[in-house]
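# Notes for the structure review
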Amino acid sequence: MRKELAILAGMIGLLLEACAFPAAGTAKPMKDTAAYQHGGLRLGDRKELPGGAGKLKEFPGGAGELCRADAETQAAQDGDMAHSGIYVHAREQGENYWYQNESDFVAAVGFDVEEPFFVYFLPDGQKRLTLYYDDATQRGCGIRYYERDSSTFATAGMYGFVFEGLQESGEKEIREDYLRPEAFDGGNGAEAAEDFRENTEYDDQGRIIHYDASGILTDMSENNAKPDTILWIDYEYYDTGNLKSRTYWHNSYIFGTWYTTWNCYFDRQGRIAYEDIYITHGSWDTYYIYMDDTEEPAFILELDNYSGQWVPMFQKGRP
């Protein structure tokens, strides 16, 4: 138990650290994937100096002095933990890096004069993603803007990622009917509950706006006679009538932790644009990028959030 607590404490400490160093100067386009740490501070690769400060090994792009910030200064005004700058996970090297701001990070990767390839905002106007991509070299980078989930220890702030290579069309299928009131696996949980009940609500235009299912969980019926919510789905529509968002929750006791929450967002044409899914080790983002008015996306970006480390997979859309 002590070992596990020590590991957890170390991970939390790493995420809470903020580092500052002089500007690294004008960054040049990268020649290889390993070079994108230039201008960035590599977390954990430092020699301890008296007084609790540290100094990094020098990278070609320049590094600087590392300062230890009090964790309390990283707390946002609302009490949630937040970090400054951008954390970047280098999957190939198994390292984490930190950049002072977006421009430093993007320039270090070689996109200092490029406009973003894709930017995604949630329907409420909150920015969720900025993506840079060069189709000629099939190299890209991006920033995921993260609001802290109180159930995790990852801090709120910006997380960067880098990738190289465009994957072939995967086997990911776009759900045909998001309006269907059912669990992610197609069921409703009725077989696992006694006194199972469903409730469906519609608006004045006959569109479904809410669904929930409840019942007494069979395996817990001896100790609990009170019904539990099994499934909960809310729907919202654009003024055009197309589906705008779908908010989903299921009882993990019945369906497991995978897809416990599953929030889907659509563009004004009614096409799926973004899915934010809770999975056991963190969350899974999927962005559907359309280049024209076709029903199929030209590209699909998936981000696997593994305890605050965003691992990308960029692939062609379905043929």
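Everything that follows concerns the structure shown earlier in this document.
Figured I'd write up the structure that's included with this text. (Residues numbered from 1 in each chain as written. Predicted model: local features only at pLDDT ≥ 70, side-chain atom pairs only at ≥ 80, totals over all residues. Heavy atoms only, no water.)

### Overview of the overall build of the protein chain
What counts is decided by this rule: Note on conventions: DSSP H or I runs of at least 4 residues are helices, E runs of at least 2 residues are strands, and numbering of each starts at the N terminus. Relative accessibility thresholds used throughout: buried, under 20% of the residue-type maximum; exposed, over 50%; partly exposed, between the two (1.4 Å probe, protein chains only). The Shrake-Rupley method, run with a 1.4 Å probe, gives the accessible areas here. Residue values count only the displayed protein chains as cover.
In terms of regular secondary structure, the protein chain is built from 3 helices and 19 strands. Taking all 319 residues of the protein chain together, 44% fall into the buried category. Here the protein chain has roughly 16800 Å² of accessible surface; of this, 50% comes from carbon and sulfur atoms.

### Regarding unusual backbone geometry
Residue Gln 138 is not a glycine yet carries a positive backbone phi of 55°. Within the secondary structure, Gln 138 sits in the loop between strand E8 (127-134) and strand E9 (139-146). What makes Gln 138 partly exposed here is its relative accessible area of 30%. In this structure, Asp 195 takes a positive phi of about 50° despite not being glycine. Since its relative accessible area comes to 43%, Asp 195 is described here as partly exposed.

### Observations concerning the nonpolar core
Within soluble globular proteins, side chains that are nonpolar tend to cluster in buried spots. This is how it is decided: Here, nonpolar core means buried Ala, Val, Leu, Ile, Met, Phe, Trp, Tyr and Cys residues that are tied together by side-chain atoms lying within 4.5 Å of each other. In this analysis, two residues are considered to be in contact whenever any of their non-hydrogen atoms come within 4.5 Å of each other.
Grouped together as the largest cluster of nonpolar side chains are 25 residues, with contacts concentrated most on Tyr 178, Ile 230, Leu 231, Trp 262 and Ile 272. Ranked by the residues each element gives to this core, the list is headed by strand E13 (residues 228-237), at 5 residues. Setting aside chain neighbours within four positions, we find Leu 231 in contact with Glu 182, Ala 183, Tyr 211, Asp 212, Ala 213, Tyr 248, Trp 249 and His 250. Within the second largest apolar cluster, 24 residues are counted, among which are Tyr 87, Phe 161, Tyr 274 and Tyr 287.

### A short note on the sheet that holds strand E14 (residues 243-250)
The pairing of strands in a sheet happens through backbone hydrogen bonds and is either parallel or antiparallel. As a reminder, the rule being used: A pair of strands is treated as paired once DSSP finds two or more bridges between them. Whenever a helix is involved, its axis is fitted only over the stretch in contact; in every case the axis is a line through C-alpha atoms, and angles between N-to-C directions fall within 0 to 180 degrees.
Reading across from one edge, E11-E12-E13-E14-E15-E16-E17-E18-E19 is the order of the 9 strands in this open sheet, with antiparallel pairing throughout. Pairing within the sheet leaves two strands with one partner each, and these edge strands are strand E11 (193-202) and strand E19 (309-316). Across this sheet, the average inter-strand angle for adjacent strands is 10°, counted without regard to direction. Examined bridge by bridge, strand E12 (residues 208-217) and E13 share 6 bridges and lie antiparallel to one another. Pairing of Tyr 211 across the sheet is with Ile 233, part of E13.

### Focus: the side chain of Ser 283
Note on placement: Ser 283 falls in strand E17 (residues 282-289). What Ser 283 contacts, discounting residues up to four positions off in sequence, is Asp 276, Ile 277, Tyr 278, Leu 303, Asp 304, Asn 305 and Trp 310.

### With respect to the packing of aromatic side chains
The geometry of an aromatic ring pair comes down to the distance between the two centres and the angle between the two planes. Stated formally: Ring geometry is summarised as follows: Phe, Tyr and Trp rings, the Trp one being its six-membered ring, pair when their centres sit within 6.5 Å, and such pairs are stacked at plane angles under 30 degrees, edge-to-face over 60 and tilted between the two.
In this structure the tally under the stated criterion is 22 aromatic pairs. For the ring pair Tyr 120 and Tyr 287, a centre distance of 6.1 Å and an interplane angle of 70° mean the geometry is edge-to-face. Of this pair, Tyr 120 sits in strand E7 (residues 118-121) while Tyr 287 sits in strand E17, and the two are 167 residues apart along the sequence. For Tyr 287, a relative accessible area of 0% puts it in the buried group.

### Topic: the environment of Ser 84
With respect to the element layout, Ser 84 can be found in strand E5 (residues 82-90). Taking the C-alpha atoms as reference, Ser 84 lies 8.3 Å from Asn 101; in sequence the two are 17 residues apart.

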